[in-house]
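Residues per chain are reported as follows:
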Amino acid sequence: MTTILVTGGTGTLGRLVSERLRADGHEVRVLSRHAQPYAVDLRAGGSALDVALGGVDTVVHCATSPRGGDEQAATNLIAAARRAGVGHLVYISIVGVDRVPLGYYRSKLAVERLVEESGLGWTVLRATQFHDLVVQVLRALAKAPVMLLPAGVRDQPVEVAEVAERLAELAGGTPAGRVADLGGPEVRTFESLGRAYLGATGRRRAVVKVPLAGKAYRGFRTGGHLAPERAVGKGTFEEYLAERFGGGTDGRRG
C-alpha cells in the first residue's frame, strides 16, 4: 500500500482523486489550507508541510489558485518533498499553457518547469477545461439580458472525474515525465456551449458573439488550448448538463 498526499484534496478535482486512490487501496493524505490534520498553506510552507510529507511515497499536486501564488507554493512543496524523500510528484496542468499567453497559464507553465527540474521523479498531465469551469463562465455571462460570448472561440471541455481517474492511475505508477494530454470528446464553438447551457437551465437570452483584442484572445481563437488529436474523454457537455440540471436540449448549432 502506497502513501499518497493530494494537495488541494478538498477541491473539485482533488476530492475525486483522493476518493479514487482510496478505492484503489492507497493510504491518502488530504492537504489543503483548512483540512485537518494536514492544514497547510503551501504558499507559506513551514514545519506543518514537513509533517504532512513524512513517510509519503507520492504527491499529487492539484492545489492551484488563479489569484496567484502557484509558483511559490510549488517551490515550497518541492523543497519539502525532497527533504522527505518523496519518490514521485504528479502535477496536473492545462492544455495550451505554452501557447496561450494568459497570466494564469504562464504560472502553470512555470510550475511545470519547477517540477521537471525538481530532482524528483515526476509526471505531468495536461487536460482541457473541466465542464464545471465552462459552466461557471457561462453562468456569469448569462446574468445580463444579452449573453455576450467571445467570437471565434472554441472549447473542448472534459469531465473532471475522467481527469481524476487518469491522475490516480498515474500516481499508482512510476514517474512517466510529460504524458499525453487528456482532452474532452468534442471541440465545440463557445456559442454552442452557451446555447446548451441556456437550454439546460431554462434561461432565455439573446446570444451575441463579440470579437475581443489581445494576445490571450488570439491564442484561444487559434485553438492553442485545444487537443483535438487527444479527444479521449467520454463524457459530453450535454451529459454533464443533464446530470447537473436535470435536463437539457441539443445546443450544438453554431
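The structure this text deals with has already been given above.
What comes next is a walk through the structure.

## Concerning the overall build of the protein
Thought 1: Across its full length, the protein carries 9 helices and 10 strands.
Thought 2: Projected onto its principal axes, the C-alpha positions of the protein cover 55 × 35 × 35 Å.
Thought 3: Burial status across the protein gives 51% buried among its 254 residues.
Thought 4: Long-range pairs, those at least 24 residues apart, make up 79% of the contacts in the protein with a sequence separation of at least 6.
Thought 5: Of note, the protein has its 33 positive side-chain charges centred 8 Å away from the centre of its 26 negative side-chain charges.

## Comments concerning the sheet that holds strand β5 (residues 121–127)
Thought 1: Taken together, the 6 strands give an open sheet; going across it, the order is β2-β1-β3-β4-β5-β8, and neighbouring strands pair in parallel fashion. The open sheet is flanked by β2 (27–31) and β8 (177–178), the only strands paired with a single partner.
Thought 2: For strand β4 (residues 88–94) and β5, the ladder comprises 7 bridges, and the chain directions are parallel. Bridge pairing in β5 links Val 90 to Thr 123.
Thought 3: Packed on one face of the sheet, helix α3 (residues 70–84) meets β1 (3–7), β3 (58–61) and β4 and runs near 175 degrees to β3.

## What about α3?
Thought 1: The end-to-end C-alpha distance of α3, which contains 15 residues, comes to 21 Å, matching closely the 21 Å that a straight helix rising 1.5 Å per residue would cover.
Thought 2: Burial in α3 covers these residues: Asp 70, Ala 73, Ala 74, Asn 76, Leu 77, Ile 78, Ala 80 and Ala 81.
Thought 3: Here the buried face of α3 lies against β1, α2 (47–53), β3, β4 and α4 (103–116).
Thought 4: A positive backbone phi angle near 75 degrees is found at Gly 85, which sits one or two residues after α3.

## A look at the side chain of Ser 107
Thought 1: Relative to the elements of secondary structure, Ser 107 occurs in helix α4.
Thought 2: The exposure class of Ser 107 is buried, given its relative accessible area of 13%.
Thought 3: Ignoring anything within four residues of it in the chain, the contact list for Ser 107 reads Asp 70 and Glu 71.

## Quick look at helix α1 (residues 12–23)
Thought 1: In this model α1 runs 17 Å from its N-terminal to its C-terminal C-alpha over 12 residues, within 8% of the 16 Å that 1.5 Å per residue would give.
Thought 2: Burial in α1 covers these residues: Leu 13, Gly 14, Leu 16, Val 17, Ser 18 and Leu 21.
Thought 3: Residues of α1 that are buried make contact with β1, β2, β3, β4 and α6 (160–171).

## Considerations on a positive patch on the surface
Thought 1: Where like charges cluster on the molecular surface, the positive patch consists of Arg 106, Lys 215, Arg 218 and Arg 221.
Thought 2: Of the residues forming the positive patch, the biggest block, 3 residues, is contributed by helix α8 (residues 215–221).
Thought 3: Locating Arg 221 in the fold gives a position in helix α8.
Thought 4: Classification of Arg 221 as partly exposed rests on a relative accessible area of 37%.

Reading the values: rules and limits
- Residues numbered from 1 in each chain as written.
- Predicted model: local features only at pLDDT ≥ 70, side-chain atom pairs only at ≥ 80, totals over all residues.
- Heavy atoms only, no water.
- Helix = DSSP H or I, 4+ residues; strand = E, 2+ residues; numbered from the N terminus.
- Buried < 20%, exposed > 50% of the residue type's maximum accessible area, 1.4 Å probe, protein only.
- Contact = heavy atoms within 4.5 Å.
- Lys, Arg positive; Asp, Glu negative; His and termini not counted.
- Charge placed at Lys NZ, Arg CZ, Asp CG, Glu CD.
- Pairing = 2+ DSSP bridges.
- Axes fitted to C-alpha atoms, helices over the stretch in contact; angles between N-to-C directions.
- Expected span 1.5 Å × (residues − 1).
- Patch = residues over 30% accessible without salt bridge, like charges linked within 9 Å, V, L, I, M, F, W, Y side chains within 5 Å.
- Areas by Shrake-Rupley, 256 points an atom, 1.4 Å probe, with all protein chains shown as cover.
- Salt bridge = Lys/Arg side-chain N within 4 Å of Asp/Glu carboxyl O.

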